[in-house]
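Residue-level listing of the chains:
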Amino acid sequence: MSKLKQKPTFKTEAQEAAFWASYDSTEYIDYSKSRRVVFPRLKPSTETISLRLPKSLLEQLKTLANKRDVPYQTLLKLFILERVQAELHLKTAKAS
């Protein structure tokens, strides 16, 4: 491999982000020496949204969550996840 360029120093994280967004990192980093790292406690990033639901639907969701002894927001996330995965699975099955 050819000689690697020296990595520049940055005053801010924004400067570093701008640099790596516009330059090829393979000129600065030897990836042949890299190793896989696992972050077992890393939580996926989340984004807050606003969702309007009919009161009756929200009450039904809270009743189901109470029966399962989980917060209703958690149950809603599980329901959405299950449906999205099912929809994605259906689309890939139809494409095959």
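Here, the structure is the one placed above.
Description of the structure in this document. (Residues numbered from 1 in each chain as written. Predicted model: local features only at pLDDT ≥ 70, side-chain atom pairs only at ≥ 80, totals over all residues. Heavy atoms only, no water.)

### So, the overall build of the protein chain
The number of helices and strands found in the protein chain is 3 helices and 0 strands. Along the protein chain, helices (α) and strands (β) appear in the sequence α-α-α when read from the amino end. Taken over the C-alpha trace, the protein chain has a radius of gyration of 23 Å; the compact-globule value for 96 residues is 12 Å, which it surpasses by more than 25%. The long-range share in the protein chain, meaning contacts at least 24 apart out of those at least 6 apart in sequence, stands at 17%. Accessible surface computed for the protein chain: about 9,600 Å², of which carbon and sulfur atoms make up 55%. (Helix = DSSP H or I, 4+ residues; strand = E, 2+ residues; numbered from the N terminus. Rg over C-alpha atoms; globule rule 2.2 N^0.38 Å. Contact = heavy atoms within 4.5 Å. Areas by Shrake-Rupley, 256 points an atom, 1.4 Å probe, with all protein chains shown as cover.)

### Quick look at unusual backbone geometry
One non-glycine residue, D69, lies in positive phi territory at about 60 degrees. Turning to its location among the elements, D69 is positioned in the loop between α2 (55-68) and α3 (72-95).

### Brief notes about the packing of aromatic side chains
Evaluated as defined, the whole model comprises 5 aromatic pairs. Taken together, a centroid distance of 4.4 Å and an interplanar angle of 20 degrees make the contact between F19 and Y23 stacked. Taking the centre distance of 5.6 Å and the plane angle of 90 degrees together, the rings of W20 and Y28 count as edge-to-face. The class for W20 is partly exposed, based on a relative accessible area of 25%. Residue classification places Y28 among the buried positions, given a relative accessible area of 10%. Feature note: the residues F10, F19, W20, Y23 and Y28 constitute an aromatic cluster, connected by ring pairs. The lysine or arginine in question, K62, covers the ring of Y72, its NZ or CZ lying 5.0 Å from the ring centre. (Phe/Tyr/Trp six-rings, centres within 6.5 Å; stacked < 30°, edge-to-face > 60°. Buried < 20%, exposed > 50% of the residue type's maximum accessible area, 1.4 Å probe, protein only. Lys NZ or Arg CZ within 6 Å of the ring centre and 35° of its normal.)

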